[in-house]
Amino acid sequence: MGGLLGWPALVDIQKEILKRRTFAIISHPDAGKTTLTEKLLLYGGAVQLAGSVTARKNQRATTSDWMELERKRGISISSTVLQFDYNGYYINLLDTPGHKDFSEDTYRVLTAVDAVVMVIDSAKGIEAQTRKLFEVCRYRGVPIFTFMNKCDRPMRDPLALLDELEKVLGIGAFPVNWPIGTGFEFQGVFDRHEKQVYLFERTVGGQYRAPVSIGTLDDPIIRERLDDATFRKVSEELEMLSVAGEMFNEEEVLAGKITPVFFGSGINNFGVQLLLDGFLKYSPPPRPRVMAGTPISPENPAFSGFIFKIQANMDPRHRDRIAFIRVCSGQFERDMTVNHPRTGKKVRLSSSHKLFGNERETLNEAFPGDIIGLVGLPDFGIGDTLTTDPAISYKEIPRFTPEAFASLHNPNPSRYKQFRQGLDQLLQEGVIQVLSLRNSVVKTPLLAAVGPLQFEVVQFRLESEYGAPSRLETTPWTVLRWLPKGLNDAELDALALPTGAAIAFDITNHPVILFTNDWSANYFAQTNPKAPLSALPVEAD
C-alpha cells in the first residue's frame, strides 16, 4: 500500500526531472559568451530588453555581470546562476568567466551542469581557453553544443570551421543549420532537419528579437532575397554535407562524441532562438551522479546535492554569503533538515533562494538539476555534500594548483577588523587559496591563485565591499608542489632547498614548496629523492 501511495509523488518528481536543463556557456574571452547569455534570456522571456556587456551610457548593464568591477572591465569575473521557465522547460543557466585567470571558478561550475554551449568566434576559430575548457568537458563526459558566433562579420569559411572542430578537438561536428551568406552578406541559416530557411532582419542594437522570414530554399519569397551566387554556393555546400558530412546521432551527442553546430550572431539575435530550441530538444535532463563507483540516480528518494560555489556579498547591504548547491537526487523542501557529512552535523535549510544574477527570491522546493542558493550558513565549504542519506558523499570538486603568488598587507591599522573580516569571507569562496610560510615571523597572508587577475579582484572587493584598502606585494614564486603527508619538522629541516625556494603549508596544513621556476622544482626532485613532489593537491584524510 505504501508503494502505491507513494507512486503519484514519484511520477511528479520524474516529470520535474525531465523538465530540467542545467547548462553552462563556455568560450575564450571576447567570443561573445556573455552577450549570448543575455540573448538566450531575451528569447527565453526572462528579460524584455537585452543588455550590453560594456554598459554603455543609457543602456542596461549585463544581467549576469553584477559586480562593479565586471562592469568596469567588460568581462565576466564571477560565475552566475540564471533560472527561468521557457516552453515547458525549467532552465538553470550558469554564466561563467572566460578569462584564464578565473578558470578555477569555471571548472567548478562545470561539475554542476549536464551540458555546455561552446561559443566560438567564427573569425578566429578555436582559441586557447576554448580548447582547455573543452578538454575539461570531455574528461567529464559532458555533451557539448557549439555556437559559431559573429557570422555577420568577416568570418572563416564554414567548412574550414567544421574541419577545425574535428581535427583540433577530435569531436564529430554536425551542423544543425548552415549559414546563408557570410560576413556582411550573412542573411540567415538553413535548418538541415526541418529543411527550412530562416532569414533575419537586424534590430536597433540587437535589443529586441530579430524579425524572421521562414520558407524552403526554393520558396519565391526566399529565393528573391538571395542572389544567384549565394543560392548556388549554399546549395552546393548543403549537398556536400549530405554526402560527406557527419551523420546526426543523438546517442553520440549525449556521449560527447558529436557536437551539434549552430551558426548565428548573438549581438544581432540571428540564430539565437534556433540554438535555444535545438539545445533544449537534444540536451539531456539531469543524469545520475557517481559516488565511489556507485551511480546515484536523480529519482533516488533521498535528497542530495553538493556545493560548487560560495559567493560573499551578493547583497552588499547584508554582508551575507551564499552557497550554491546543485541538487542531484530527491526533492528539496525549504526548512528540511539534512546531514552535513564533513562536520557530522545536522543542518536546517531555511533560507533557500531561487537566483537570477544578484537577484533572489525565496524558494520552497527544488528538484534534481536545480541550483539552490543557501544563505547564512558559515560552516559550508566548497565541495560539501548535503543529504538526507548519510551514506551519500560526493567528491565532485577538484582542487587546483596555483601559479601566481602575492602577499597582501593592511596599510591602515585602524581598518584591521574590516581587512581581516573581508579577507576571511572572500577566502571562503575558495577561488583564492591562502598559504602560511614556515618559520615566518610576520603572519602576512600569502595568497595563491590560478591567475594574477584574481588578486586585483580581491583588492577591489576588499575596498569596495568592506572599506579596507590593501597593499599587494608580488613574490618571485611561480611553481607550487605538494610534499608527502606526514613529514615532521626534522624531516622538513633536512630538505635541501634550491635558492629562492620556501616551505609553506596549505589550508589543510599539508606542506608545500614554492619554487621560482620549473627548473628549480626539477632540481629539488633530483636532489631529494626521498621527498617526491606532487603537482596536484594532496588530499586530506
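Our structure's up above, just so we're on the same page.
Everything quoted here is computed from the prediction, not taken from an experiment.

Conventions used here
- Going along each chain's sequence as written, the residues are numbered from 1 onward.
- Two thresholds apply to this predicted model, a pLDDT of at least 70 for residue-level local features and 80 or more for giving and counting side-chain atom pairs, whereas whole-chain, interface and lining totals are computed over all residues.
- Processing note: side-chain calculations cover all non-hydrogen atoms of the structure and skip hydrogens and water entirely.
- Residue burial is assigned from relative accessible area. The probe radius is 1.4 Å, only protein chains are included, and a residue is buried under 20% of its type maximum, exposed over 50%, and partly exposed in between.
- What counts as a helix is a DSSP run of H or I of at least four residues, what counts as a strand is a run of E of at least two, and both are numbered from the N terminus.
- Note on pairing: DSSP must find at least two bridges between two strands before they are called paired.
- Interaxial angles span 0 to 180 degrees and are taken between N-to-C directions of axes, which are lines fitted to C-alpha atoms, for helices over the stretch in contact.
- Centres within 6.5 Å make a pair out of two Phe, Tyr or Trp rings, where for Trp the six-membered ring is used; the pair is then stacked when the planes are under 30 degrees apart, edge-to-face when over 60, and tilted otherwise.
- Counting as a charge over the ring demands two things of the Lys NZ or Arg CZ atom: a distance within 6 Å of the ring centre and an angle within 35 degrees of the ring normal.

With five of five residues buried, strand S22 (residues 371-375) is to be regarded as a mostly interior element. Residues Ile371, Gly373 and Val375 line one face of S22 and the alternating positions Ile372 and Leu374 line the opposite face, and both faces are buried. Note: strand S15 (residues 321-329) against S22, five bridges, orientation antiparallel. Each residue of the ladder has a partner; that of Ile325, found in S22, is Ile372. In this sheet, S22 lies alongside strand S19 (residues 352-356) in antiparallel orientation, the contact comprising two bridges. Bridge assignment links Ser352 to a residue of S22, and that residue is Leu374.

Strand order in the open sheet formed by seven strands is S27-S24-S26-S25-S29-S30-S28, with antiparallel pairing between adjacent strands. With one partner strand each, in any of the chains shown, strand S27 (471-474) and strand S28 (479-482) form the two edges of the open sheet. This sheet shows a mean twist of 40° between the axes of neighbouring strands, independent of strand direction. Relative to strand S30 (residues 511-515), strand S29 (residues 502-505) is paired through four bridges, and the arrangement is antiparallel.

Bringing the packing of aromatic side chains into the picture now. One pass over the structure, following the stated rule, counts twelve aromatic pairs. Plain terms: the ring middles of Phe23 and Phe279 are 4.4 Å apart, the flat faces sit at 50° to each other, and that makes the pair tilted. Residue Phe23 is located in strand S1 (residues 20-27), and its partner Phe279 is located in helix H10 (residues 272-282); the two are separated by 256 residues in the primary sequence. Look at Phe186 and Phe270: their rings are 5.9 Å apart centre to centre, the planes differ by 40°, and that puts the pair in the tilted class. Taken as a pair, Phe186 in the loop between strand S7 (177-180) and strand S8 (188-191) and Phe270 in the loop between strand S11 (258-263) and H10 lie far apart in primary sequence, 84 residues in all. Judged by relative accessible area, Phe186 falls into the buried class, the value being 5%. A residue is classified by how much of its surface remains accessible, and Phe270, at 1% relative accessible area, is buried. By the ring-pair criterion, three or more aromatic residues cluster together here, those being Phe23, Phe145 and Phe279. A cation over an aromatic ring shows up here: Arg223 above the ring of Phe231, its NZ or CZ 4.1 Å from the ring centre.

With that out of the way, let us pick up helix H2 (residues 33-43). When you tally the buried positions in H2, you get eleven out of eleven residues, the bulk of the element. In the segment just after H2, Gly45 is the residue with positive phi, at about 80°.

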